[in-house]
Structures are given as C-alpha cells and as structure tokens.
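# Descriptive analysis of the structure
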Amino acid sequence: MSQPVGRVPQRRNARSNRARILATARQELGRNPDITLEELARASGVVRRTLFGHFPGRAALLEALAEEAAEALQAAVARGAEPAEPADRALARFSLSMWPVGDRYRMLLALAHRDLGADRVAGILRPARLRATAVVEHGQRDGVFHPHLPPAVLAAALEGMAIALLEEVNGGAFEDDGARTAVATLIAAGVQERQARTVVAEVAAEIAAAAVPEEPAGA
C-alpha cells in the first residue's frame, strides 16, 4: 500500500517542532520557571495548538524535559569517567564533560521544588553527584584536594559554583567553553592555578581529539 503524499514531511516537521519546543523550554525555563506554555509557544515560533499537540500540559512538557536531561546527564557522566586516572585529571574531565549539558542541569534545579519535585530531580542528578563525590574523595585521599570539607559537601559546593558560572555566561558577564569553569573547579578543590590550567588544557585536548572522527582507510 502506497504511503499518503505528504506523510513523511509532516512527520519530519512534527519532530522538528518538538525538538525546537524542548530546546526553547530548556533555555526559557532556566531563566524563568514561571513562564507559561503560551509564552513558550511564541518563543519557539509555533502556534499554541502545535505545542499542546506535543505536550497536552505543563506536566507533560516538564516530564519530557526531565527524561531528556536524565539521558544527557548519564551520557556526560559516562564520558567523564576514566579508570585509574589521577584525581585532578578526573575532576577536569568530569567538569568539561558536564559543561555541554549545563543548561539542562540548571533548568532541573530551577524546577526542583515547584514542578518536578526535589526527589525527582535528585534522582536524575544522582549519578552525576555520586561521580563528583567519588572523584573528590579520591583526590582528598591522595592529597590532591583539600580535606577541609567532607567529600559530598565539597562536591556540592563545586556544583553550586559551576552553576553560578554558567549563569554568568548565559547572562553575558563572561565567555567560557567550559575550560575556565573547569580550571576554577580545580582551584576551588585545592589545586594550584598553574597545575589546574595545565591539567585542564591537556584533558580538553584529549576530549577534542577523541571527538574527531577517524578518516576511513585509504582516504
């Protein structure tokens, strides 16, 4: 049976609209958790009916964002884990890997108490927080990071600082591709500035090299 004319373009447009709505929602909800669905529709460049066709209400939209954020954060945690790596390099790698999903992280924190609930958000963020705490504990045990705070407390403080720096970037106060925040994170954990800059530069170069696709043989 032949496929109805226009069906494929319609599906493609629907996927594009849904992706655009979610991307806009991540940005706008991070700035203003009280934004209405009508305002989100306008910011996304779609009519109200299109938005409600994908997400029949605020709860459905937020749950879709939560699922998307959970997947992105899990992938970032996996990218930021390197077995038997020195703690300063491990923290730099974790920070650099988390930076691209920082807006999702920030958006979840903004919605934690009013919409999604603190428990739901804590569950989504748990893998990232456990990884950060483990890296900090490793560094304190090896004498790389200051031991003045318990690992979980220091990891939470570093998280708060990273989110604050992301807010400043989004607000236009300064520019960062994640490297400056990674350096600041290492310094706050107790690494000397020169060493922090060297470690972050090395790890960032490794991440960039790994992201470049290999050319096929004989190319």
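Structure: above.
This is a predicted model, so every value here is computed, not measured. (Residues numbered from 1 in each chain as written. Predicted model: local features only at pLDDT ≥ 70, side-chain atom pairs only at ≥ 80, totals over all residues. Heavy atoms only, no water.)

### A short note on the overall build of the protein
- Scanning the protein from N- to C-terminus turns up ten helices and zero strands.
- In the protein, the succession of helices and strands from N to C terminus is α-α-α-α-α-α-α-α-α-α.
- In terms of overall dimensions, the protein has C-alpha extents of about 65 × 55 × 30 Å along its principal axes.
- Across the 219 residues in the protein, those meeting the buried criterion constitute 39%. (Helix = DSSP H or I, 4+ residues; strand = E, 2+ residues; numbered from the N terminus. Buried < 20%, exposed > 50% of the residue type's maximum accessible area, 1.4 Å probe, protein only.)

### So, the nonpolar core
- The biggest cluster of nonpolar side chains holds 57 residues, and the ones touching the most others in it are Leu-29, Leu-61, Leu-65, Leu-73, Met-98, Leu-108 and Leu-186.
- The biggest single contributor to this core is helix α4 (residues 58-79), with eleven residues.
- Excluding residues within four positions of it along the chain, Leu-65 makes contact with Leu-22, Ala-25, Arg-26, Leu-29 and Met-107. (Core = buried A, V, L, I, M, F, W, Y, C linked by side-chain atoms within 4.5 Å. Contact = heavy atoms within 4.5 Å.)

### Section: the packing of helix α9 (residues 179-189) against helix α10 (residues 193-211)
- One can describe the packing of α9 onto α10 by two numbers: an axis separation of 9 Å at closest approach and a directional angle of 135 degrees. The orientation of α9 with respect to α10, classified from their angle, is oblique. As for the relative orientation of α9 and α10, their crossing is right-handed in sense. Contacts between α9 and α10 involve Ala-179, Ala-182, Val-183, Leu-186 and Ile-187 from the former and Glu-193, Ala-196, Arg-197, Val-199 and Val-200 from the latter.
- Considering only residue class, the contact of α9 with α10 consists of eight nonpolar, no polar and two charged. (Axes fitted to C-alpha atoms, helices over the stretch in contact; angles between N-to-C directions. Parallel < 35°, antiparallel > 145°, perpendicular 65-115°, else oblique. Left-handed = near helix turned anticlockwise from the far one by under 90°. Nonpolar A, V, L, I, M, F, W, Y, C, P; charged D, E, K, R; others polar.)

### Some remarks on α9
- Along α9, the positions that sit buried rather than exposed are Thr-181, Ala-182, Val-183, Thr-185, Leu-186 and Ala-189.
- Among the structural elements, α5 (87-98), α8 (151-170) and α10 are those in contact with the buried residues of α9.
- Downstream of α9 by a residue or two, Gly-190 has a phi angle that is positive, lying close to 125 degrees.

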